Amino acid sequence: TRINAPPLNGPWKLLFTNAKDAEAPARTEKNNDKKFGDEVAQGVQVKTGQRITASNGECVNYIQLSGGDTESGKRPFDQLEITIQMTPLSDTRVRLDFRKGRVLNGGAPLDFFKDFTFNFPPPSFNDLVARLRGMDPSVEPQAYFDILYIDEEIRAHRTGEGKIFVQRRD
């Protein structure tokens, strides 16, 4: 049970989103224009979710791919993780500061790319960009979401870009 646990804490699985880019890195099938389309390669299963540790405000968004194979290009990676610092701005608004990314790819041609990490610009850079756009980052930072609904099992939120996410505890 989750008695007195922070409401966002724990693992979540994506049920619905209107954000086409939420699983975009997993889409490898090319359309007739030889561009990557909206389809995941046949035989590849996608799991999208996040793990939130409320005690330190850390969120790890992930896309896990299984099935297919990495050698044929049907599965471009095994897992993509994005680590985000979450800071509550109000009872419903949460600021998101993207900190680092990690790509796991057992089929990478070079060992260097089998476990590859990268960093995002520091939060102060994003605050500067927000101010240049005439926004107050303490109220409307570059990245945030507003909680629309949350209970013990389901949550829904809307990002600053208007994208809706519905998630279930995993």
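What you are looking at is a predicted structure, and each value in this text was computed from that prediction instead of being measured.

Thoughts on the overall build of the chain
Then comes step 1: Helices and strands together make up the secondary structure of the chain, namely one helix and nine strands.
Then comes step 2: Each helix and strand of the chain, placed in order from N terminus to C terminus, yields the pattern β-β-β-β-β-β-α-β-β-β.
Then comes step 3: Within the chain, the fraction of its 170 residues that count as buried is 34%.
Then comes step 4: In the chain, the proportion of contacts linking residues at least 24 apart, taken out of those at least 6 apart, comes to 44%.
Then comes step 5: Within the structure as shown, the chain displays about 10,300 Å² of accessible surface, and the carbon and sulfur contribution to it stands at 52%.

Points about the packing of aromatic side chains
Then comes step 1: Taken as a whole, this structure holds six aromatic pairs when the rule is applied.
Then comes step 2: Centre to centre, the rings of F113 and F116 are 5.7 Å apart; their planes meet at 45°, and the pair counts as tilted.
Then comes step 3: Chaining the aromatic ring pairs together yields one cluster made of F98, F112, F113, F116, F118 and F120.

A closer look at the side chain of E81
Then comes step 1: Checked against the element boundaries, E81 lands in strand 4 (residues 79–88).
Then comes step 2: Polar side-chain contacts of E81 include one of 2.6 Å to the side chain of Q79.

A short note on the pattern of salt bridges
A side chain of one charge can pair with a side chain of the opposite charge if their charged atoms are brought near each other.
Then comes step 1: Inspection of every chain in the model, using the stated rule, returns 10 salt bridges.
Then comes step 2: Note that K47 and D170 form a salt bridge whose closest N and O atoms lie 2.7 Å from each other. One end of the pair, K47, is in strand 2 (residues 44–53); the other, D170, is in the segment after strand 9 (164–169), and 123 residues separate them in sequence.
Then comes step 3: According to the relative accessible area criterion, K47 is partly exposed, its value standing at 29%.
Then comes step 4: In this structure, the salt-bridge partner of R102 is D115, at a minimum N-O distance of 2.8 Å. A residue pair is termed long-range when its members are at least 10 positions apart, and R102 in strand 5 (residues 93–104) and D115 in strand 6 (residues 115–119) qualify at 13 residues.
Then comes step 5: Take R102: its relative accessible area is 30%, and that puts it in the partly exposed class.

As for the nonpolar core
Then comes step 1: Grouped together as the largest cluster of nonpolar side chains are 17 residues, with contacts concentrated most on L8, I52, M86, V94, L96 and F145.
Then comes step 2: Within the residue set of this core, elements represented by two or more residues are strand 2, strand 3 (58–67), strand 4, strand 5 and strand 7 (144–150).
Then comes step 3: Per-element tally for this core: the top contributor is strand 4, with four residues.
Then comes step 4: Contact partners of V94, with chain neighbours within four places excluded, come to L8, M86, T87, P88, A143, Y144, F145 and I147.

Things to note about the environment of Q64
Then comes step 1: By the secondary structure assignment, Q64 is in strand 3.
Then comes step 2: When the C-alpha positions of Q64 and D78 are compared, they lie 5.9 Å apart, and in sequence the two are 14 residues distant.
Then comes step 3: With residues up to four places along the chain from it excluded, the contact list for Q64 reads Q45, V46, K47, D78 and Q79.
Then comes step 4: In this structure the side chain of Q64 is engaged in a polar contact, spanning 2.9 Å, whose partner is the side chain of Q79.

Description of the pairing of strand 2
Then comes step 1: Bridge analysis of strand 1 (residues 10–17) against strand 2 gives four bridges, and the strand direction is antiparallel. Each residue of the ladder has a partner; that of K13, found in strand 2, is G49.
Then comes step 2: Bridge count for strand 2 against strand 3 is 10 bridges, and the pairing is antiparallel. Bridging from a neighbouring strand, Q50 pairs with N61 of strand 3.
Then comes step 3: Counting the residues that bridge the hairpin from strand 2 to strand 3 gives four residues, and of these G57 lies at a positive phi of roughly 70°.

Rules used in this analysis
Here the residue index of a chain counts from 1 through its sequence in written order. Reporting of local features is limited, given that this is a predicted model, to residues whose pLDDT is at least 70; pairs of side-chain atoms are given and counted only at 80 or more, and all residues count toward the totals for whole chains, interfaces and linings. Calculation of side-chain values draws on the structure's entire complement of heavy atoms; hydrogens and water are dropped beforehand. We count a stretch as a helix when DSSP gives it H or I for four or more residues in a row; a strand needs E for two or more, and each element gets its number in order from the N terminus. Think of it in three bands: residues with accessible area under 20% of the maximum for their type are buried, residues over 50% are exposed, and the middle band is partly exposed, with areas taken using a 1.4 Å probe on protein chains only. Working rule for contacts: check all heavy atoms of both residues, and any pair within 4.5 Å makes them a contact. We get accessible surface area from the Shrake-Rupley algorithm with a probe of 1.4 Å; when it comes to residues, only the shown protein chains can shield them. Planes of paired rings set the category: under 30 degrees apart is stacked, over 60 is edge-to-face and the rest tilted, where pairs are Phe, Tyr or Trp rings (Trp by its six-membered ring) whose centres lie within 6.5 Å. We call two N or O atoms a polar contact when they sit within 3.5 Å, provided that within protein one can donate a hydrogen and the other can accept it, with sequence-adjacent residues counted only if both atoms are side-chain atoms. What counts as a salt bridge is simple: a side-chain nitrogen of Lys or Arg found within 4 Å of a carboxyl oxygen of Asp or Glu. Each nonpolar core is a collection of buried residues, namely Ala, Val, Leu, Ile, Met, Phe, Trp, Tyr and Cys, held together in the definition by side-chain atoms within 4.5 Å. A pair of strands is considered paired only if DSSP assigns at least 2 bridges between the two.

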